Amino acid sequence: MSKNILVVEDELSIATLLKYNLEQAGYQVELAHDGQAGLEKALEIKPDLMLLDVMLPKLDGMEVCKELRMQKMNTPIIMLTARDDEFDKVLGLELGADDYMTKPFSPREVIARVKAVLRRFSPQVTAAVSESSEKIYEFGGLRVYPDRFEVLLQNEPLEFTPKEFELLVYLIENKNRVLTRDQLLSAVWNYDFAGDTRIVDVHISHLRDKIEENSRKPIFIKTIRGLGYKFEEPKAV
């Protein structure tokens, strides 16, 4: 079944171009032309991915993104903007966006980014794999299921955006290894976010708020001053 993509863009020419190229690539596409309509349609159809413009009538893209995350909707969101503004970029990611594209962009670039995001965050369904052979990471009361997009803390499920989840899994898979911000940018965002290391810090902060008992005194995700971050298994008391 083809993936359903919601494009929220008030410039008709851009929306039409995105719809045409995404449909040519095999996706089902819904359009909304203002933030309020985009928010309502997203909650109604629960798309597999959203392309969300920042500057929209009625509700701007930042507000739409914030509201969707408050509603516990974890659909991957790629923000679109005509402004190459560092503050906007970080703010969008703080509010729960997973990716960011600055206009003008080519249709080929959009399709490549959409495919990459969907590939990373589509559930891995393998009927032949038994539960006993499923990959599980467990550290004390923290349990992570990479193939299910699921995290439990003390048996309580936690809500993550796709990008937060991918970062957590990457940190775990490199347990006890110090990872620089540039390494994390390359591995998790895997395209040119060169110099935007604040993006990593924002997501690390989000992870700590969710998995650490005290985010100011983390036991899982440690800051290695002057270098980067490291995931550690807590020492038994």
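Look above for the structure.
What counts, and at which threshold
- Residues numbered from 1 in each chain as written.
- Predicted model: local features only at pLDDT ≥ 70, side-chain atom pairs only at ≥ 80, totals over all residues.
- Heavy atoms only, no water.
- Helix = DSSP H or I, 4+ residues; strand = E, 2+ residues; numbered from the N terminus.
- Buried < 20%, exposed > 50% of the residue type's maximum accessible area, 1.4 Å probe, protein only.
- Contact = heavy atoms within 4.5 Å.
- Areas by Shrake-Rupley, 256 points an atom, 1.4 Å probe, with all protein chains shown as cover.
- Arc of directions from axis to C-beta.
- Polar contact = N/O pair within 3.5 Å; in protein donor to acceptor, adjacent residues only side chain to side chain.
- Core = buried A, V, L, I, M, F, W, Y, C linked by side-chain atoms within 4.5 Å.
- Domains from an automatic or database assignment.
- Axes fitted to C-alpha atoms, helices over the stretch in contact; angles between N-to-C directions.
- Parallel < 35°, antiparallel > 145°, perpendicular 65-115°, else oblique.
- Left-handed = near helix turned anticlockwise from the far one by under 90°.
- Nonpolar A, V, L, I, M, F, W, Y, C, P; charged D, E, K, R; others polar.
- Pairing = 2+ DSSP bridges.
- Right-handed = clockwise from strand over helix to strand, strands pointing away.

**Q** What's the story with the overall build of the protein in this structure? I'm lost.
**A** Counting its secondary structure elements, the protein contains eight helices and 12 strands. A buried classification covers 46% of the 237 residues belonging to the protein. Put simply, of all contacts in the protein between residues at least 6 apart along the chain, 58% involve residues at least 24 apart. Just so you have it, the protein exposes about 12,300 Å², and 49% of that area is on carbon and sulfur atoms.

**Q** Would you mind showing me how to read helix α2 (residues 35-45) here?
**A** Since the α-helix packs 3.6 residues into each turn, any two residues three or four apart lie on the same face. Those residues of α2 not exposed but buried are Gly35, Gly38, Leu39 and Ala42. Angular distribution of buried residues about the axis of α2 spans 100 degrees; they occupy a single face of the element. Close packing links the buried residues of α2 with β1 (4-8), β2 (28-32), β3 (49-53) and α3 (61-70). You can read the cap of α2 off the contacts: a side-chain oxygen lies 3.0 Å from the backbone nitrogen of Gln36, and it is on Asp34. Where α2 terminates, the next one or two residues include Lys46, which has phi positive at roughly 45 degrees.

**Q** How do you make sense of the nonpolar core when you look at a structure like this?
**A** Soluble globular proteins tend to pack their nonpolar side chains together in the buried interior. Judged by nonpolar contacts, the single largest core of 45 residues is most densely connected at Leu52, Met79, Val144, Leu168, Leu171, Ile221 and Phe231. Among the elements that take part in this core, helix α6 (residues 162-173) stands out by supplying six residues, more than any other. Summarising the domain contributions, this core has at least three residues from each of domain 1 (4-121) and domain 2 (137-231). With near-sequence residues (within four places) excluded, Met79 lies in contact with Leu52, Val54, Gly61, Met62, Cys65, Ala97, Asp99, Tyr100 and Met101. By size, the runner-up hydrophobic cluster in this structure holds 18 residues, among which are Val7, Ile14, Val29 and Val117.

**Q** In this structure, what is going on with the packing of α2 against α3? I would like to understand it.
**A** When two helices pack together, you describe them by how their axes are tilted relative to each other and by the distance separating the axes. One way to put it is that α2 packs onto α3 with a least axis distance of 9 Å and a crossing angle of 25 degrees. Accordingly, the angle class assigned to the pair α2 and α3 is roughly parallel. Viewed along their axes, α2 and α3 form a crossing whose handedness is right-handed. Residues Gly35, Leu39, Ala42 and Leu43 of α2 touch α3, and the partners they reach there are Val64, Glu67 and Leu68. Among the residues making up the contact of α2 with α3, the classes are represented as five nonpolar, one polar and one charged.

**Q** Please clarify how the sheet that holds β3 should be interpreted in this entry.
**A** Strands in a sheet are paired, the pairing made by backbone hydrogen bonds, and the direction either parallel or antiparallel. Read from one edge of the open sheet, five strands run β2-β1-β3-β4-β5, paired in parallel fashion. At either margin of the open sheet sits one strand with a lone partner, and together these are β2 and β5 (99-102). Each strand of the sheet is rotated relative to its neighbour by a mean of 20 degrees, with strand direction disregarded. Both β1 and β3 contribute to a ladder of four bridges, which runs parallel. Its bridge partner being in β3, Ile5 is matched across the sheet by Leu49.

**Q** Hey, could you run me through the sheet that holds strand β6 (residues 137-139) in this one?
**A** The antiparallel open sheet is built from four strands, whose spatial order is β6-β7-β8-β9. Where the open sheet ends on each side, the last strands, each with one partner, are β6 and β9 (156-157).

**Q** Is there a simple way to think about the pairing of β3 in this case?
**A** Side chains on a regular strand alternate between the two faces of the sheet. The buried count for β3 comes to five of five residues, which makes it a mostly enclosed element. Judged by which residues are buried, β3 turns out to be covered on both faces: Leu49, Leu51 and Asp53 on one side and Met50 and Leu52 on the other are all buried. As paired elements, β3 and strand β4 (residues 77-81) share four bridges and run parallel to each other. Residue pairing in the sheet places Leu52 in a bridge with Met79 of β4. Once you follow β3 into α3 and on to β4, the crossover reads as right-handed.

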